[in-house]
Amino acid sequence: MSNEAIIFKQVSKTFPKAGKPSVNETSLNIPQGSFVTILGASGCGKTTLLKMVNRIIEPTAGTISIFGKDIRSMPVTELRQSIGYVIQQVGLFPHLTIEQNIATVPDILGWERKKTAERIDYLMDLVHLPENYKKLYPRQLSGGQQQRVGIARAMAGDPAILLMDEPFGAIDAITRTKLQDDFKQIQRELGKTVLFVTHDVEEAMKLGDRMIVMNEGTIQQYDTPLAIMSNPSNSFVSRLIQADDLFQQLHLIRAEERMIALTDEAVADDIPRVKASESLKSVLQTLLQQNAPYVVVENDKQELIGRLTLQQLKLQNGR
Ligand SMILES: Nc1ncnc2c1ncn2[C@@H]1O[C@H](COP(=O)(O)OP(=O)(O)OP(=O)(O)O)[C@@H](O)[C@H]1O
Ligand SMILES: [Mg+2]
């Protein structure tokens, strides 16, 4: 048995009447349990790539398999039940309550009421939604809360794979950070395989164990965020992630210049520590390598004086 969750072999998609393929002869292995982000400009084929996995779009050439099985050999309904799908506009059913929305797949699968009810409780807790939201309707929730319901609904049938297409795209920065952190934690705990499309360089680097950079239907690079940052495969990748600028800037700025002063909050033991005089480049490496939500900064006397998140490295600087 291979430990690849998804394999693309020479997959292409050319839409009728289109001059060129939207996805072009793409081969790709997505290991089980990995969080893979797909980054690229508008129209480069990200959504097309994703939708071929659950057969919303059929490839014109090549094969896709999940857990070693060609997806064409599976009934479409069965395939879609084994893959969770989350999109930007959430797509909750407006006339159904939150609990009814989450129960969509369990109802299709004909689960017993008790099992479904337990699953709803578990999922609402998992995505940090208060229990008394169950009977509310989507319009009574904020965008961020609706997105949490969307994630819960996608996970209801316990799919091994989640496809996410800019799920946090329409959400304000603070809520978005919280959703990212919570979702990353859930993914790690449950070992789901996630394929996650985003426009946002920071989001792609923060969430992905591995990152795909696409341009015009072709994968430009597929590697860890750190490897892509430090060694972009071509000028397109380098421009997209602003690797040069970023690295130059980060090299020149010390941790203490960007950190937020630490108040008396407790710091967990597994949070990495960096020196106040370290460059942000080295802080970035620590953050990405250890997959930490933030680092704490210590002075010469080894007193903890500040904290730094990826956000504060201001990856958007100069844009
Ligand atoms: N149903 C369709 N029929 C015809 N052409 C399509 C269809 N869907 C997508 N395309 C074309 O395929 C290309 C890739 O589209 P896709 O939606 O995959 O891009 P994307 O990377 O997801 O873009 P965005 O970031 O804007 O969502 C585009 O040129 C688009 O016009
Ligand atoms: Mg898209």
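As a convention, each chain's residues are numbered from 1 in the sequence order in which they are written. The naming scheme follows written order: chains are lettered A onward, ligands numbered 1 onward. Where totals are concerned, whole chains, interfaces and linings use all residues; where local detail is concerned, this predicted model gives features only for residues with pLDDT of at least 70, and gives and counts side-chain atom pairs only at 80 or more. Side-chain metrics in this entry use all non-hydrogen atoms of the structure; hydrogen atoms and water are not considered.

The salt bridge criterion pairs a side-chain nitrogen of Lys or Arg with a carboxyl oxygen of Asp or Glu, the two atoms within 4 Å. Following the criterion strictly, the structure yields 17 salt bridges and no others. Its salt-bridge partner being arginine 119, residue aspartate 158 comes within 3.8 Å of it at the nearest N-O pair. With aspartate 158 in the loop between helix H6 (143-155) and strand S7 (161-165) and arginine 119 in helix H5 (residues 113-126), this pair connects stretches of sequence that are 39 residues apart. Relative accessibility decides the category of a residue: with a 1.4 Å probe and only protein chains considered, values under 20% of the type maximum give buried, values over 50% give exposed, and everything between is partly exposed. We classify aspartate 158 as partly exposed; its relative accessible area is 48%. Of the charged contacts in the structure, one is a salt bridge between arginine 176 and glutamate 203, with a shortest N-O distance of 3.3 Å. With a gap of 27 residues between them, arginine 176 in helix H7 (residues 173-190) and glutamate 203 in helix H8 (residues 201-207) connect regions that are remote in the sequence. The pair arginine 176 / glutamate 203 is uniform in exposure class, with both members buried. Linked through salt bridges whose partners overlap, the residues forming this network are Arg119, Asp158 and Lys192. Counting from the N terminus, the helices are DSSP H or I runs at least four residues long and the strands are E runs at least two residues long.

Next up on the list: the sheet that holds strand S8 (residues 193-198). Two strands pair if DSSP finds at least two bridges between them. Strand order in the open sheet formed by six strands is S6-S7-S8-S3-S9-S10, with mixed pairing between adjacent strands. Each end of this open sheet is capped by a strand with a single partner; those strands are strand S6 (83-87) and strand S10 (218-223). When strand polarity is set aside, the average angle formed by the axes of neighbouring strands in this sheet is 15°. Pairing geometry for strand S3 (residues 35-39) and strand S9 (residues 210-215), over four bridges, is parallel. Among the inter-strand pairings, threonine 37 is bridged to a residue of S9, identified as methionine 211. We call two residues in contact when some of their heavy atoms are within 4.5 Å. Here, axes are lines fitted to C-alpha atoms. For helices the fit covers the stretch in contact, and angles between N-to-C directions go from 0 to 180 degrees. Against the sheet, H6 makes contact with S6 and S7, and its axis sits at roughly 165° relative to S6, the strand it touches most.

Turning our attention to the pairing of S9. Every other side chain in a regular strand lies on the same face of the sheet, so the side chains alternate between the two faces. Relative to S10, S9 runs antiparallel, the two sharing five bridges. Considered in S10, the bridge of asparagine 215 is made with threonine 218. In this antiparallel pair of consecutive strands, S9 and S10, the connection spans two residues, and glutamate 216 shows a positive phi of 45°.

The next thing to look at is the site of ligand 1. For this description, a residue counts as near a given molecule or strand if any of its non-hydrogen atoms is within 4 Å of it. Ligand 1 sits among Phe15, Ser22, Ala41, Ser42, Gly43, Cys44, Gly45, Lys46, Thr47, Thr48, Glu166 and His199. Within the side chain of lysine 46, a nitrogen or oxygen atom sits 2.7 Å from an oxygen atom of ligand 1. The separation between an oxygen atom of ligand 1 and a polar side-chain atom of threonine 48 is 2.5 Å. To be clear on the numbers: accessible area is Shrake-Rupley with a 1.4 Å probe, and residue cover counts the displayed protein chains and nothing else. Burial of ligand 1 by the surrounding chains reaches 56%, relative to a free accessible area of 630 Å². Only Asp, Glu, Lys and Arg are considered charged, only Ala, Val, Leu, Ile, Met, Phe, Trp, Tyr, Cys and Pro nonpolar, and every remaining residue, Gly among them, polar. Of the residues assigned to the shell around ligand 1, the class counts are three nonpolar, seven polar and two charged. Any pair of N or O atoms that falls within 3.5 Å is considered a polar contact. Within protein, one atom must be able to donate a hydrogen and the other to accept it, and sequence-neighbouring residues count only if both atoms are side-chain atoms.

What follows concerns the domain arrangement of the protein. In this document the domain limits rely on a domain assignment from an automatic tool or a database. Segmenting the protein into domains produces domain 1 (4-243) and domain 2 (250-313). Taking only C-alpha atoms, the centre of domain 1 and the centre of domain 2 are 30 Å apart. Counting residues at the interface gives ten residues for domain 1, matched by seven residues for domain 2. Seen at the junction of domain 1 and domain 2, the total is zero salt bridges. The interface formed by domain 1 and domain 2 includes one residue pair in polar contact (both at pLDDT 80 or more). For the side of domain 1 that touches domain 2, the per-class residue count stands at four nonpolar, one polar and five charged.

Turning our eyes to something else, we now look at the packing of aromatic side chains. Note on ring pairs: Phe, Tyr and Trp rings are taken, using the six-membered ring of Trp, and paired if centres are within 6.5 Å. Classes follow the plane angle, with under 30 degrees stacked, over 60 edge-to-face and the rest tilted. Following the criterion strictly, the structure yields three aromatic pairs and no others. Between phenylalanine 35 and phenylalanine 183, the aromatic rings sit 5.9 Å apart at their centres with planes inclined by 75°, giving edge-to-face as the arrangement. On the criterion of sequence distance, the pair formed by phenylalanine 35 in strand S3 and phenylalanine 183 in helix H7 is long-range, its members being 148 residues apart. Here phenylalanine 35 falls in the buried class, since its relative accessible area comes to 0%.

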